[in-house]
Amino acid sequence: MNETPRFRYTPLPPNASEQKVIRIIDLLPDSRASSIIRCKIQLVSLHQNPAYEALSYCWGNAAVKVPIICNDARLEVTTSLHSALRRLRDSSCSRRIWADAICIDQRPEAVAERTQQVQIMRHIYRNAKQVIIWLGEAYNDSHLAISLLKKIVEVKEKLEEIGSGPPSSLRFASDVLENIGLPSDKSERKNKSWVSLRPLLNRDWFRRIWIVQEVTLAATATVLCGQDEMLWDDFVMAMEVGISSGVMVYQRGIDADTVEFVNAAQAAHLQFKASIMSSPKYQAYNFDGLLNHLLWFRRREAIDLRDKVFALYGLMDFEVESMNLRADYGVNLSEVYKEVTLASLEVSRNLDILSVPRSQTQLREPLPSWVADWSDSSNSTMSLVGQTRHCYSASKNSEARPKLADDGWTLVLDGEIIDKIAKVGPILETKNVITTPLSGFREAIQDFSSVLDRLGRNQNVLKEWHHLAMETYSPQHSTTEAIGAALEATLTAGIPAQLNPKANHEDWRKNELPRPLLNKVSFDEHPWLFKDAAFLQLFQDVAAGDNPEKKQYNTMAYGRRMARTEKGFLALVPSNAEMGDSITLCKGGQTPLVLRGQKKCWELIGDSYVHGIMNGEAFNEESCCQDTYIA
């Protein structure tokens, strides 16, 4: 092997972009499982409709490589790709495959080719006769997880019938599950079947940003995991039935993040197929443009952080073209993010992209405060604009006229300061439910204790918010009843439950149960009371049923603070907002912006929900004409 020459890429022809020329590998047959992988590379034009399969997989550790023979030369690939090729290799026939790590020259000096090939990636996956999803080798009882998903598809109708019944702790009792052929608590396989589902869904493939495009554009797709395989459509169907019926949450084989991703991915797929409005379940999701895709999938991951936006361009080719955006690996990360923000502002004539929740992490490259940082995959705060079909009109129907200052860094908007933050409450933590399967008693105690800690802290936050609201006095909120209504509306940013799969007024009413007691005590002096209240809340949630949206407790308030303004308005503000920050209305903005600094130059802290001015009550277009400089 050491004497075998190293594989060298031949540059693609000059007309590769126009003719959509790509490399394809012919995976050569071999009946011996242990023999080295051999393949041939050839050039084809997508205009000729070549027959091939496209591989969707996770690269894995790029530092660990395995040699294969390509065109009689040695080429090193990651262990993940190597295992996929070994699984796909036939004993007697060649198999024609497209795999990015082989078919695209990945060397740093080949950045032009990488750019050109990524720009036609949508065509590569769309033209493939099928997309093969490689989840990796079998481990953690993955074969049981795949078998369980197949079984859920088989009993789909029975499971949907059970799930549509009234909420009850007996809905998924052992005898009920056993009667329809699913594993139950009484089964010896229970801790292997349901619990094995979570590790399967936690595999690296599900965290990749590129999979959104790869599976959405696929004509058909097949999931491979070890020797098991399953149609992607069946895989999604099993997930949907398991989530909507409540059985997966009840059995704790799935967490809130997976629920959100599966729902969002399916909604994006339906949007691409122009059929989302025919599906009542997904009408609350908003996938009308690039910004909304970026918001819903910002928690997916990428090795190259530019791919956090490039990976979604293929789903929105017409809009991306109108915005003059294209994947270009010759442009650095901060410029890519700045270009997306500027293009959105200029083409849309609104400030929706400024509502993207700010990242609390520090990017390697500096960004102006008005540029959305898509690199942070940990940011789970819901955006007030873009992730639902609810629209605000704080600046009425005015249009934005954004300008970039001569320094190339500062954004100039037409705006007016209308209020200031007088007081802020504590931050409501985002993750506050049990999201991991329990493998033993000790782990159960630790997990449950951690959950109660978070829930207890959040009970105290809600108590503090309640006090802050009760202190509020203004002509808008002159009675205790009016303040209570304002608090309830502010907690969910005024979004009707039917328009937001996360914001639900009923969830907040349930939190009112222990409040009369908690209002009389101090969290620091009696933390156990808040934990007990949290336990009651958690028990009440479990007893009430298995609605996955309610299980998540993800409303617009999580990851934010409640604030009171100098004029007496209640508001939801970003987690890093402070007393003295300015509430500003700018032309083209659905929501008020929170700014910090001096009149000559401001820092954008984020957007806000200010109860009582979200429909233009405080907007005056004539006075909203001051140049507002945001750096």
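Treat the numbers as computed from the prediction; the structure is a model and nothing was measured.

Q: Which residues make up the overall build of the protein chain, and what values go with them?
A: Looking only at helices and strands, the protein chain has 23 helices and 18 strands in total. Burial status across the protein chain gives 57% buried among its 631 residues. Once local pairs closer than 6 in sequence are excluded, the contacts in the protein chain between residues at least 24 apart make up 73%. As presented, the protein chain carries roughly 27,300 Å² of accessible surface, and 50% of it is formed by carbon and sulfur atoms.

Q: So, the packing of aromatic side chains: which residues are in play, and what are the values?
A: Tallying each qualifying case throughout the model produces nine aromatic pairs. Considering the side-chain rings of Trp-205 and Phe-206, the 5.0 Å spacing of their centres and the 90° angle between planes classify their relative orientation as edge-to-face. Exposure remark for Trp-205: the relative accessible area of 2% places this residue in the buried category. Counting every residue linked through ring pairs, the aromatic cluster contains Trp-205, Phe-206, Trp-232 and Phe-235. Between Arg-114 and the ring centre of Tyr-329, over which it is positioned, the NZ or CZ distance is 3.8 Å. Stacked on the ring of Tyr-139, the Lys or Arg Arg-203 has its end atom at 3.8 Å from the ring centre.

Q: Tell me about the pairing of strand E14 (residues 582-586), and please be specific about residues and values.
A: In terms of burial, E14 is a largely internal element, five of the five residues being buried. The side-chain alternation of E14 yields two buried faces, one formed by Ser-582, Thr-584 and Cys-586 and the other by Ile-583 and Leu-585. With three bridges connecting them, E14 and strand E15 (residues 593-598) associate as antiparallel partners. Bridge pairing links Ile-583 to Val-594 in E15. Once E14 ends, the chain turns through six residues before running back antiparallel as E15, passing Gly-588 with a positive phi of about 90°.

Q: Got a sec to walk through helix H11 (residues 232-245)? Specific residues and values, please.
A: For H11, built from 14 residues, the straight-helix expectation of 20 Å at 1.5 Å per residue is met to within 8% by its first-to-last C-alpha distance of 20 Å. Among the 14 residues of H11, 10 are classified as buried, and the element is accordingly described as predominantly covered. Buried within H11 we find Trp-232, Phe-235, Val-236, Ala-238, Met-239, Glu-240, Val-241, Gly-242, Ile-243 and Ser-245.

Q: Outline the pattern of salt bridges, listing residues and values.
A: If you walk through the whole model with that rule in mind, you get 21 salt bridges. Linking Arg-306 and Asp-304 is a salt bridge whose minimum nitrogen-to-oxygen distance equals 2.8 Å. Here the two residues Arg-306 and Asp-304 agree in accessibility, since each one is buried. For the salt bridge of Arg-401 with Asp-414, the shortest nitrogen-to-oxygen distance reads 2.8 Å. One end of the pair, Arg-401, is in the loop between helix H17 (333-348) and strand E10 (403-404); the other, Asp-414, is in strand E11 (residues 411-427), with 13 residues separating them in the sequence.

Q: I'd like to hear about the side chain of Asp-352, residue by residue, with values.
A: In this fold, Asp-352 is placed in the loop between H17 and E10. There is no salt bridge for the buried Asp-352, and the closest opposite charge comes from Arg-358, which lies 11 Å off by N-O distance. Among the polar contacts listed, one links the side chain of Asp-352 to the side chain of Gln-590, at a separation of 3.2 Å.

Parameters and conventions
Residues numbered from 1 in each chain as written. Predicted model: local features only at pLDDT ≥ 70, side-chain atom pairs only at ≥ 80, totals over all residues. Heavy atoms only, no water. Helix = DSSP H or I, 4+ residues; strand = E, 2+ residues; numbered from the N terminus. Buried < 20%, exposed > 50% of the residue type's maximum accessible area, 1.4 Å probe, protein only. Contact = heavy atoms within 4.5 Å. Areas by Shrake-Rupley, 256 points an atom, 1.4 Å probe, with all protein chains shown as cover. Phe/Tyr/Trp six-rings, centres within 6.5 Å; stacked < 30°, edge-to-face > 60°. Lys NZ or Arg CZ within 6 Å of the ring centre and 35° of its normal. Pairing = 2+ DSSP bridges. Expected span 1.5 Å × (residues − 1). Salt bridge = Lys/Arg side-chain N within 4 Å of Asp/Glu carboxyl O. Lys, Arg positive; Asp, Glu negative; His and termini not counted. Polar contact = N/O pair within 3.5 Å; in protein donor to acceptor, adjacent residues only side chain to side chain.

So far we have only geometry, and geometry alone does not tell us how the molecule works.
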